[in-house]
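So you can see what is in the structure, the chains are spelled out below.
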Amino acid sequence: MNATVQVPDIARIGTSMLRVEDHKFLTGRGRYVDDIVLPGMLHGVPLLSPYAHARVVSIRTEAAVVAPGVVAVLTGQDLETDRLGGMPPLFMPEDMGGSKGYRTSRPLLVSDRVRCVGDRVAFVVAQTAAQARDALELIEVEYEALPSVTSLEDAVKDGAPQLWEGAPGNRCCMVMFGNEQATDAAFDQAVHITSLQIENNRLSANSIEPRGAIGAYDEAEGTYLLYTSSQNPHGARQMLATQVLHVPETALRVISPDVGGGFGMKADAYPEDGLVLWAARRCGRPVKWVPTRGESLATDNHGRDQRVSAEMALRADGKILGIRVRSMHAFGAYVVSAAVAPLTFAMRFVPGVYDVPAFHGVNVGIFTNTSPTGPYRGAGRPEATYVCERLLDQAAFELGLDAVEIRRRNFIQPDQLPYATQTGFVYDSGDFPNLLDQCLELSDARGYASRREASVSAGLLRGRGIGFFIEQGGVFNDQMTVRFDPSGGATILAGTHSHGQSHATVFSQLVSEWLGLPVGSIRYVQGDTDKVSFGRGTYAARSSMIGGSALRLACDQLVAKAKPLAAFLLQCEAHAVRYEGGHYLVDGGGRQIPFVEVAKACFIKAGPLSQFGVGLEATGTWNTDPPNFPNGCHLCEVEIDPETGVVRVDRYSAVDDVGRALNPMVCEGQIHGGVAQGIGQALLEHVVYDRESGQLLSGSFMDYGMPRADDLPAFNVKMAEFSCTTNPIGVKAVGEGGTIGAPAAVMNAVLDALRPLGIHHLDMPATPLKVWNAIHAANKAH
């Protein structure tokens, strides 16, 4: 890891400057939703459906209404009376030129038919959260239970329970990429075909801070205020104002204060955000909602949950001729938020970093009686990478090739860039063989044989696996504003939203170097729709490229705007002035003036300088057309105890191409966190519903396995910097690579260890019981 540096006067891009946010957080001065107390604040708690599928026959609230401290009990009937709307998905395949699907609208409260455990049925508002929870027990709901379906396989069977009349066979929508005819022809020419049936397990994001919301209503102004733990406050405002409350967006202020993690799960609004606003208007007082961890596990949007049938056509020498994928992706009870994004990326990135001449992939979104799914860190890229990397390792085994060698024979070579994939991407930069070489060196590949011998001597199985990924960094456009004050201090008004990504640090580094400003004079503002005119938040690893590039353009505009004033102060013509390193300089004259002094002069209220106007600010915008493509090689070694089935990750090495590391320390931290989550998916985590009743079986951390410190090794991480050619600062994303590369690397290592026993397939998570059962079955078979 690069040596860290204290916060300097003038920062430099590419140095591991310590985070400016940390003092606040480490001294307990963070301000999260649950820290906020508004005058006269009430507390709300939703009543959640205990049924996976049922008709709501009646709701009796009389006893709850008169319970101690209760101010209101709201139901779906009240919702209809007040004409509040529901929450549709942000987009569907037909919005992007695909085939038409079935759109749902997720209600704030269900009045007719619940479709999953955790559907909201009523909302109790009381003086305290405890009183509200006590009153929940007094609500009498008569349900008529209906057959439910929680697994993808069951959902598409003939005669399966149907969630929506307009979605026969529980099929919501589909996406397709590639050329079916060309792919079929490639398979006809193949000497060898490798086939796999793969499951990508359902996950819960489990951010350290659960979701939470506070709603307030100003009757005099007719305006709403929402505090919410969101990655995307402007997006939440748009959904709630236009779809739920039916008011102009200017009538709703959304503030996302400090947010303790999101991972995509907090990217959009939820029913509770609308409920606290509605309840605040009905009750005339602010209303707060904060869930228990069990409620979060039941009601948060989940991630992954995919079943794949995948085939790879190869020549005898291991060269890929084509890949064919047929996949089902669980949407849960409703298609919500950006649920179609994972559906799409899970197909588009299957070819990965390999020269695949033919590809055809189809992914179908399926309704099930489970909590909805949405983007979770990686959002389709982990699923795609997992398919290709698992196929390659299996093909290598079947053809008698080394797992490293089969990849070498199929890499897109540097001289093939820019490279157009069969799924419509154009990779601009990178060196995939180089990354593999670096990762092998970093992982001490030469010493692997001796480590394997040592494991065998200890009665353990050892395996090594590779996970090579590529993804798209960032989506959509965004803006960043830099505004100066009369003292020469600058404020960054960010359209992005940091919830652990160190934006206040890294964006300040950029502005400090570009404008020559002391870091201490730069203020960072985000997450308030009244302070930041517009933004799209942070998800899909978008902020370094989109936010950073927008800041670059904003700073360039500032330099250009201030140049005439600088020339006046330097007593020369503007064409004789150039800008360099935070100073305006006169060519050949030796005279110069710091940018910050010119910025101060923009606020002179009278005299000759007033002709230049008042104030100095600029807004830059950037979009992801064309995108950037971060990529990386991850290599994992595991040891397995055959007596217990316990898998221990012994070594983990990663080389990630981030384009340009703006702050290496922050980049490494992002990779570490992503890898931890990827290992969690591979070995521990799984949201499980009972197949018969639809009940959530993993409803607490007693049943949902979260990775802990002793589950993880010390990570050996290195960054490669092959500059991106499609944005002005050369960056590629870094936030999602760990979760994309790790599941494939870990599971390929697990199977490498188990193959000598005759075990060639295992689905995630590779829990001790699952591994022990596989070993036991293999021993019996032999």
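Summary of the structure given here.

Procedures and definitions
Residues numbered from 1 in each chain as written. Predicted model: local features only at pLDDT ≥ 70, side-chain atom pairs only at ≥ 80, totals over all residues. Heavy atoms only, no water. Pairing = 2+ DSSP bridges. Helix = DSSP H or I, 4+ residues; strand = E, 2+ residues; numbered from the N terminus. Axes fitted to C-alpha atoms, helices over the stretch in contact; angles between N-to-C directions. Contact = heavy atoms within 4.5 Å. Phe/Tyr/Trp six-rings, centres within 6.5 Å; stacked < 30°, edge-to-face > 60°. Lys NZ or Arg CZ within 6 Å of the ring centre and 35° of its normal. Buried < 20%, exposed > 50% of the residue type's maximum accessible area, 1.4 Å probe, protein only. Polar contact = N/O pair within 3.5 Å; in protein donor to acceptor, adjacent residues only side chain to side chain. Expected span 1.5 Å × (residues − 1). Patch = residues over 30% accessible without salt bridge, like charges linked within 9 Å, V, L, I, M, F, W, Y side chains within 5 Å. Areas by Shrake-Rupley, 256 points an atom, 1.4 Å probe, with all protein chains shown as cover. Salt bridge = Lys/Arg side-chain N within 4 Å of Asp/Glu carboxyl O.

### A word on the sheet that holds strand β30 (residues 715-720)
Next, step 1: The sheet built from 4 strands is open, its strands ordered β20-β28-β29-β30 with mixed pairing. Here the strands that pair on one side only, and so sit at the sheet edges, are β20 (461-470) and β30. Sheet twist, expressed as the mean angle between neighbouring strand axes with direction ignored, is 15°.
Next, step 2: Where strand β29 (residues 647-657) lies against β30, 6 bridges are found, and the strand directions are parallel. Along β30, the bridge assignment pairs Asp657 with Ala720.
Next, step 3: Where helix α14 (residues 448-457) meets the sheet, it contacts β20, β28 (631-640) and β29, and its direction lies at approximately 140° from that of β20.

### Section: the sheet that holds strand β8 (residues 140-145)
Next, step 1: Pairing is antiparallel in the open sheet, where 3 strands are placed in the order β6-β4-β8. This sheet does not close on itself; its edge strands, each paired only once, are β6 (113-114) and β8.
Next, step 2: Two elements, strand β4 (residues 54-60) and β6, share 2 bridges in a ladder whose sense is antiparallel. Note on β6: the bridge partner recorded for Arg55 is Arg113.

### A few points about the packing of aromatic side chains
The description of an aromatic ring pair rests on the distance of the ring centres and on the angle between the ring planes.
Next, step 1: If you walk through the whole model with that rule in mind, you get 23 aromatic pairs.
Next, step 2: An angle of 35° between the planes, with centres 6.3 Å apart, marks the rings of Phe507 and Tyr524 as tilted. Within this pair, whereas Phe507 is found in helix α15 (residues 503-515), its partner Tyr524 is found in strand β23 (residues 522-525), the two being separated by 17 residues in sequence.
Next, step 3: Linked through ring pairs, Phe345, Phe349, Tyr419, Phe425, Tyr427 and Phe629 together constitute an aromatic cluster.
Next, step 4: The positively charged end of Arg381 is found above the aromatic ring belonging to Phe345, 3.9 Å away from the centroid.

### Quick notes on helix α13 (residues 432-442)
Next, step 1: Taken as a whole, α13 has its buried residues at Phe432, Pro433, Leu435, Leu436, Gln438, Cys439 and Leu440.
Next, step 2: For α13, the elements touching its buried residues are α12 (403-408), β20, β28, β29 and β30.
Next, step 3: N-cap assignment for α13: the residue whose side-chain oxygen lies 3.2 Å from the backbone N of Asn434 is Asp431.
Next, step 4: In the stretch just after α13, Asp444 is the one whose phi turns positive, near 55°.

### Some remarks on helix α19 (residues 737-754)
Side chains of residues three or four places apart in an α-helix project in the same direction, reflecting 3.6 residues per turn.
Next, step 1: For α19, with 18 residues, the first-to-last C-alpha span of 26 Å sits near the 26 Å given by 1.5 Å per residue.
Next, step 2: Among the 18 residues in α19, 17 count as buried, and that is most of the element.

### As for a nonpolar patch on the surface
Next, step 1: Nonpolar side chains collect at one region of the surface, where Phe568, Leu569 and Phe612 lie side by side and expose about 230 Å² of accessible area between them.
Next, step 2: Within the fold, Leu569 resides in helix α16 (residues 543-570).

Worth remembering: the numbers are spatial, not functional.
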